[in-house]
Amino acid sequence: REIVARGHELTSVSAELRTAQGRVDTARADPLNLLLGRPRSRWLDASSRFLDIVGSVFLLLIASPVLLACAAAVALTDGFPVFYRQRRVGRGGRPIDVIKFRSMRRDAESLSGPVWATEDDPRITRVGRFLRRYRLDELPQLFNVLVGDMALVGPRPERPHFCDVLREQVPLFELRTIVRPGLTGWAQ
């Protein structure tokens, strides 16, 4: 801070990359370091992970009757499989498989490929519409939190196809991958 206050410019490899290519080197950029000017502590990371584990176990126990009811509703109305694994971009840009209750027909994207769902999307089943309305289709992601692919709170993970699109449209979009994606986003 004192160096900058004296009129000197500071730069970094990340800043040079951002200037040259319009991209952020997510391996070097840490949002808390960028915001607070200091790196995160290992103790803070460990305590956050501990809270994610305890919280996800607690929520899985409390929500187990709802999870069973949702699974039964999907199975009885639209058959198996009950769960749907969807490839998303996780921490460091690594792919993760997010677990959700299946809310669309089994062949929902066989012809179209990845597309964002619309409000009256014909691919969504009747039970799926209910699950999505109350965000119950997201509850199985507590297992993703438990195994460490996700956190309880963090930026929502996006599909790789959409990440490519959003990188072009949203400045610094890649900063989202510095931390574990969350079951619920910071905005919520």
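Residues numbered from 1 in each chain as written. Predicted model: local features only at pLDDT ≥ 70, side-chain atom pairs only at ≥ 80, totals over all residues. Heavy atoms only, no water.

Draft legend 1. Molecular detail of the pattern of salt bridges. Within this structure, the stated rule accounts for 6 salt bridges. Note that Arg180 and Asp52 form a salt bridge whose closest N and O atoms lie 3.0 Å from each other. Here Arg180, found in the loop between helix H7 (160-169) and strand S4 (182-184), pairs with Asp52, found in helix H4 (residues 42-78); they are 128 residues apart in sequence, far enough to count as distant. As far as burial versus exposure is concerned, Arg180 and Asp52 are alike and both buried. Arg102 is paired through a salt bridge with Asp78; the nearest N and O atoms lie 2.4 Å apart. With Arg102 in the loop between strand S2 (95-101) and helix H5 (126-133) and Asp78 in helix H4, this pair connects stretches of sequence that are 24 residues apart. What makes Asp78 partly exposed here is its relative accessible area of 22%. Because the salt bridges share partners, they merge into one network encompassing Lys100, Asp137, Glu138 and Arg156. (Salt bridge = Lys/Arg side-chain N within 4 Å of Asp/Glu carboxyl O. Helix = DSSP H or I, 4+ residues; strand = E, 2+ residues; numbered from the N terminus. Buried < 20%, exposed > 50% of the residue type's maximum accessible area, 1.4 Å probe, protein only.)

Draft legend 2. Representation of the pairing of S2. In terms of residue burial, S2 counts as a mostly covered element, since 5 of its 7 residues are buried. The hairpin turn running from strand S1 (residues 83-89) into S2, its antiparallel successor, is 5 residues long, and Gly92 in that turn takes a positive phi close to 70°. (Pairing = 2+ DSSP bridges.)

Draft legend 3. Structural view of H4. Here H4 spans only 46 Å end to end across 37 residues, well under the 54 Å set by a 1.5 Å rise per residue. Remark: the principal bend of H4, roughly 60°, maps to Ala63, with a proline, Pro65, within the next four residues. Buried within H4 are the following residues: Arg49, Asp52, Gly55, Ser56, Leu60, Ala63, Leu67, Cys70, Ala71, Val74 and Ala75. In this structure, the buried residues of H4 make contact with S2, H5, helix H6 (141-147) and strand S3 (151-153). (Expected span 1.5 Å × (residues − 1). Bend = angle between axes of the 7 residues up to and from the residue. Contact = heavy atoms within 4.5 Å.)

Draft legend 4. Region of the structure containing the side chain of Glu138. Tracing the sequence through the fold places Glu138 in the loop between H5 and H6. Look at Glu138 and you get buried, because its relative accessible area is 16%. Reaching out from Glu138, the side chain makes a polar contact with the side chain of Gln141 at a distance of 2.3 Å. If near-sequence neighbours (up to four positions away) are discounted, Glu138 is found in contact with Lys100, Arg156 and Leu183. (Polar contact = N/O pair within 3.5 Å; in protein donor to acceptor, adjacent residues only side chain to side chain.)

Draft legend 5. Structural view of the nonpolar core. Grouped together as the largest cluster of nonpolar side chains are 18 residues, with contacts concentrated most on Val82, Phe101 and Leu131. Secondary-structure elements contributing two or more residues to this core are H4, S2, H5 and H6. For this core, the element with the most residues is H4, which contributes 6 residues. When near neighbours in sequence (up to four residues on either side) are disregarded, Phe101 contacts Leu67, Cys70, Ala71, Val82, Phe83, Leu131, Leu136, Asp137 and Pro140. (Core = buried A, V, L, I, M, F, W, Y, C linked by side-chain atoms within 4.5 Å.)

Draft legend 6. Fine view of the packing of aromatic side chains. Using the criterion set out here, one finds 2 aromatic pairs in the structure. Taking 5.0 Å as the distance between ring centres and 55° as the angle between the ring planes, the aromatic pair formed by Phe130 and Tyr134 counts as tilted. Of the residues examined, Phe130 reaches a relative accessible area of 47% and is grouped as partly exposed. For Tyr134, a relative accessible area of 46% gives the class partly exposed. (Phe/Tyr/Trp six-rings, centres within 6.5 Å; stacked < 30°, edge-to-face > 60°.)

Draft legend 7. Up close: a nonpolar patch on the surface. Side chains of Ile53, Val57, Leu61, Phe143, Leu146 and Val147 sit close together on the surface and give an oily, nonpolar patch of about 510 Å² of accessible area. Elements with a contribution of two residues or more to the nonpolar patch: H4 and H6. If you trace the backbone, Leu61 turns up in helix H4. Leu61 gets classed as exposed once you look at its relative accessible area, which sits at 61%. (Patch = residues over 30% accessible without salt bridge, like charges linked within 9 Å, V, L, I, M, F, W, Y side chains within 5 Å. Areas by Shrake-Rupley, 256 points an atom, 1.4 Å probe, with all protein chains shown as cover.)

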